[in-house]
Each structure stands twice: as structure tokens, then as C-alpha cells.
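A structural walkthrough
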Amino acid sequence: FFGVLGLVQCIRQKTMVVADEDVVCEVCKDGGWSEHNKIVFCEGFCEIAVHQKCYGVPIIPEGDIPWYCDVCTPVKPGRPAA
């Protein structure tokens, strides 16, 4: 893991985002990451930041495909709530 003192590279759908040291995983409260355990952001309403392994995200969607957490999945933008 890279320390939180350096820049943390985070994946945000549609763009690659370089975040500051204040970005931490909402599950484990750690800002470190590795190539196989990046911090991802929900593209839904909550915009939660989580490690892939902490939240069970085996593959980060590429390109224009957004990632949604379990809470935001049922109410994706442009899709009516059930």
C-alpha cells in the first residue's frame, strides 16, 4: 500500500482522478491503496469511496461505464426507483 501522505490515485468513472490524502475508504477508514485494491467512487447520489476488497468490487468498470454501490444501484440516475 502507498501511504496517505502521498497522492492517492482513485478511479472515478469517465475520468481518472488524483485525490488528496483526505480520501479514505468508508469501510476501513484507510487511504492506502494498491494496484489490485484501488479506491473507487460510487457514481450515484452517495459518492461513497471504498476499497475494491473492502466492498467486494472485483473489477472496476472501464470507460463510460459507471460503478454504483449497493444502495445507489436501485436508483441509478435516469432510472426510476422501484
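First, a word on scope: everything that follows refers to the structure included in this document. Just so it is clear, the model here is predicted, and its values are computed rather than measured.

Each value, and the rule that gives it
- Residues numbered from 1 in each chain as written.
- Predicted model: local features only at pLDDT ≥ 70, side-chain atom pairs only at ≥ 80, totals over all residues.
- Heavy atoms only, no water.
- Core = buried A, V, L, I, M, F, W, Y, C linked by side-chain atoms within 4.5 Å.
- Buried < 20%, exposed > 50% of the residue type's maximum accessible area, 1.4 Å probe, protein only.
- Contact = heavy atoms within 4.5 Å.
- Helix = DSSP H or I, 4+ residues; strand = E, 2+ residues; numbered from the N terminus.
- Polar contact = N/O pair within 3.5 Å; in protein donor to acceptor, adjacent residues only side chain to side chain.

The next thing to look at is the nonpolar core. With 10 residues, the main nonpolar core is built from Cys25, Val40, Cys42, Val50, Val57, Ile60, Trp67, Tyr68, Cys69 and Cys72. In this structure Cys25 touches Asp30, Ile39, Ala49, Val50, His51 and Cys54, once residues within four positions along its chain are discounted. Grouped together as the second largest cluster of nonpolar side chains are 5 residues, Val23, Trp33, Ile39 and Ala49 included.

Topologically, Asn37 is positioned in the loop between β2 (15-19) and β3 (39-41). You can call Asn37 buried: its relative accessible area is 6%. A polar atom in the side chain of Asn37 sits 2.8 Å from the backbone nitrogen of Lys53.

Moving on, we get to the environment of Tyr55. With respect to the helices and strands, Tyr55 occurs in helix α1 (residues 52-55). Residues Tyr55 and Cys69 lie 14 residues apart in sequence; the distance between their C-alpha atoms is 8.5 Å. For Tyr55, the contacting residues outside a window of four places in its chain are Val27, Val50, Trp67, Cys69, Asp70 and Val71.

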